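# Overview (structure and organization)
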Amino acid sequence: MSAPPRKPGRRSQQWFGRDGKQGFYYRSWLKGMGVPHEMFDGRPVIGICNTWSELTPCNSSFRELAEYVKRGVYEAGGFPLEFPVMSLGETQIRPTAMLYRNLAAMDVEESIRANPIDGVVLLMGCDKTTPALLMGAASVDLPTIGISGGPSLSGNWRGKPVGSGTGVIEMSEMVRAGTLSQDEFNEAEACMQRSKGSCMTMGTASTMACMVEALGMSLPENAAIPAVDARRFRLAHLSGRRIVEMVREDLRMSKVLTRKAFANAIRANAAIGGSTNAVIHLLAIAGRLGVDLSLDDWDAIGSRLPCLVNLKPSGQYLMEDFYYAGGLPAVLREIAAHLDLDAPTVNGRTLGENIAEAPCWNRDVIRPLAEPVRPEAGIAVLRGNLAPDGAVIKPSAASPHLLRHRGRAVVFEDIDDFKRRIDDEALEVDADSILVLKNCGPRGYPGMAEVGNMPLPPKLLRQGVTDLVRISDARMSGTAYGTVVLHVSPEAAAGGPLALVREGDVIELDVPGRRLHLEVDAAELARRRAQWTAPPPPARGWERLYVQHVQQAHLGADLDFLVGGSGDGVAGDSH
Ligand code: FES
């Protein structure tokens, strides 16, 4: 049996197309898995990047999903090889999965580059797995296609729909207000998550799945097909088939992820009422590719667009309803006049071609442009002396009467301080107060936890208060809602003005005017700054590396030395 022919243009042939000892090494051990000799003949080798883990329940269908991808790869004449990368389970990982997004991205990047791979399929689901895989793959820039795991089935408790995350927040506030018993609360746990799959509200996972599709990085319909629906597995099959063609066409990630693609995604995020977390993740992905995208682009490009998707937390329905109504293609068709329709996508067609005929089957779930859920729904970027580098708010999830508000600050120095005092009946807080939480940003927490939507004090809940202005350097779950100012930059732990806010200071929030102002004069702020000291860095390990190198939220919170890419160059032999 002769050595397979060399195909110098194919990356994997630098492993498998070799004579002598090296080629033997590279092929022989794979033959130990039952791989026939002809699989090394120069056909596209497709890496299937899998984030399956029982510690990430949202991605627990991914073993099966990968099998369907393999079917498609074989069918198209490719050679699939599945590999695991660090999985990030939003609900289990402490202190926050965001602390590890960049670590997982490093794992993805190095795993792809170090191995005999010509093209990549990214299996993504739970919140951080999507940006981590896109960031890592972007820094290698091979032909790449995404397939999301899909949302779980709609939650249902006592005949009523219950949305992931959003339902927890609502019901836990009812427990705190004394209107729901602990037993009833426990019973609802099994009723909310009824199947494998990601959160079925328009939380961060669904938002990021929509971003993958709007960016052109997946086949159409990827965002919304339920995880357990047979059509999800069919899409995986087709994605496997398509990635082989993409390798032959040399359709690399950088050809799809242009500024136009990011602009389309930002507009799509407004139309779906998407998560604020998309801001940070898209900035980080763009940074890996050298695409010129800034925090202000989010406001300039997307903030005036309406929210058309009537899904929790901004609306009423859940992801299953969204899919049956037509999913993201129907939304994109509705806002087609605002999109760059000539943006290329991974199926070789333009975005405009993909959505031209997209039907909508339910006009209450996906509203027409003339009858939106909210008229101006994108991300508003605030600036002022409290957030010189910016802060964000999602007006569609906020209370309209609080979008212009002045109030006195009730200040919590960190999350422990907040947890210790928020239930205290003696806490001096009223319906006009503004809750301020410090030291929950990228460096401060560390990892920038989703604690920005602080629960309200029980005594106000009992008075019927359902929302307060809340300001922090933290993030918020995409399933959360409220008048919540997030991602204040620079963060308190980096010495941002947020660190200087004191109890009783007056703060002005003006969302229409895009302003966040601390009504304390400059001389007093300078006095306070002189007394401020930076928190000590973590002693060792990943946390130390992270805190030393993480960028601020307005830049995407990537590590400074990971911005950009190193391409797909092949390193020297290991033996
Ligand atoms: Fe995994 Fe929401 S917790 S998708």
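Residues numbered from 1 in each chain as written. Predicted model: local features only at pLDDT ≥ 70, side-chain atom pairs only at ≥ 80, totals over all residues. Heavy atoms only, no water.

### Topic: the overall build of the protein chain
What the protein chain contains, in helices and strands, is 20 helices and 14 strands. Relative to the compact-globule value of 25 Å for 575 residues, the protein chain shows a C-alpha radius of gyration of 24 Å, a close match. For the protein chain, the spread of C-alpha atoms along the principal axes amounts to about 85 × 55 × 45 Å. Put simply, the protein chain has 575 residues, and 62% of those count as buried. Contacts spanning at least 24 positions in sequence make up 76% of the contacts within the protein chain whose residues lie at least 6 apart. Accessible surface, the protein chain: about 21,400 Å² in total, of which carbon and sulfur atoms supply 51%. Measuring between centres, the 62 positive side-chain charges of the protein chain sit 4 Å from its 68 negative side-chain charges. (Helix = DSSP H or I, 4+ residues; strand = E, 2+ residues; numbered from the N terminus. Rg over C-alpha atoms; globule rule 2.2 N^0.38 Å. Buried < 20%, exposed > 50% of the residue type's maximum accessible area, 1.4 Å probe, protein only. Contact = heavy atoms within 4.5 Å. Areas by Shrake-Rupley, 256 points an atom, 1.4 Å probe, with all protein chains shown as cover. Lys, Arg positive; Asp, Glu negative; His and termini not counted. Charge placed at Lys NZ, Arg CZ, Asp CG, Glu CD.)

### Description of the packing of aromatic side chains
If you walk through the whole model with that rule in mind, you get eight aromatic pairs. Between Phe412 and Phe418, the aromatic rings sit 4.9 Å apart at their centres with planes inclined by 80°, giving edge-to-face as the arrangement. With respect to class, Phe412 is no different from Phe418; both count as buried. Each member of the aromatic cluster is reached from another via a ring pair, and the members are Phe16, Phe40 and Phe79. Over the ring of Trp52 we find Arg63, and its NZ or CZ is 3.7 Å from the ring centre. The residue whose ring lies beneath Arg71 is Tyr68, and the NZ or CZ to ring-centre distance is 4.3 Å. (Phe/Tyr/Trp six-rings, centres within 6.5 Å; stacked < 30°, edge-to-face > 60°. Lys NZ or Arg CZ within 6 Å of the ring centre and 35° of its normal.)

### Notes on the side chain of Ser60
Checked against the element boundaries, Ser60 lands in the loop between strand 1 (45-50) and helix 3 (62-75). The exposure class of Ser60 is buried, given its relative accessible area of 17%. There is a polar contact of 2.7 Å between the side chain of Ser60 and the backbone oxygen of Pro57. (Polar contact = N/O pair within 3.5 Å; in protein donor to acceptor, adjacent residues only side chain to side chain.)

### Let's talk about the nonpolar core
Among the nonpolar cores identified, the biggest contains 120 residues, and Leu123, Met211, Met217, Phe262 and Phe322 are the most heavily contacted of them. Top contributing element to this core by residue count: helix 12 (residues 277-289), with nine residues. Other than its neighbours up to four places away in sequence, Phe322 contacts Met202, Cys210, Ala224, Val309, Leu311, Gly327, Leu328, Val331, Val365 and Ile366. (Core = buried A, V, L, I, M, F, W, Y, C linked by side-chain atoms within 4.5 Å.)

### What to know about the sheet that holds strand 1
An order of 2-1-3-4 is seen for the four strands of this open sheet, with the pairing classed as parallel. Whereas interior strands pair on both sides, the edge strands pair on one side only; in this sheet they are strand 2 (79-84) and strand 4 (144-148). Sheet twist, expressed as the average angle between the axes of neighbouring strands with direction ignored, equals 20°. Taken together, the six bridges between strand 1 and strand 2 define a ladder with parallel strand orientation. Within strand 2, the position partnered with Cys49 by the bridge is Phe83. (Pairing = 2+ DSSP bridges. Axes fitted to C-alpha atoms, helices over the stretch in contact; angles between N-to-C directions.)

### Examining helix 6 (residues 166-177)
The first and last C-alpha atoms of helix 6 sit 17 Å apart over 12 residues, in line with the 16 Å expected at 1.5 Å per residue. Among the structural elements, strand 5 (155-157), strand 6 (160-162), helix 7 (182-192) and helix 18 (458-462) are those in contact with the buried residues of helix 6. (Expected span 1.5 Å × (residues − 1).)

### Observations concerning the environment of Ile46
Mapped onto the elements, Ile46 comes out in strand 1. Separated by 27 residues in sequence, Ile46 and Val73 have C-alpha atoms that sit 7.4 Å apart.

### Quick look at the packing of helix 11 (residues 259-272) against helix 13 (residues 295-302)
Interaxial distance between helix 11 and helix 13 falls to 9 Å at its minimum, and their mutual angle equals 65°. Crossing handedness for the pair helix 11 and helix 13: right-handed. Contact residues: helix 11 offers Arg259, Ala263, Ile266, Arg267, Asn269 and Ala270, while helix 13 offers Asp297, Trp298, Ile301 and Gly302. Considering only residue class, the contact of helix 11 with helix 13 consists of five nonpolar, two polar and three charged. (Left-handed = near helix turned anticlockwise from the far one by under 90°. Nonpolar A, V, L, I, M, F, W, Y, C, P; charged D, E, K, R; others polar.)

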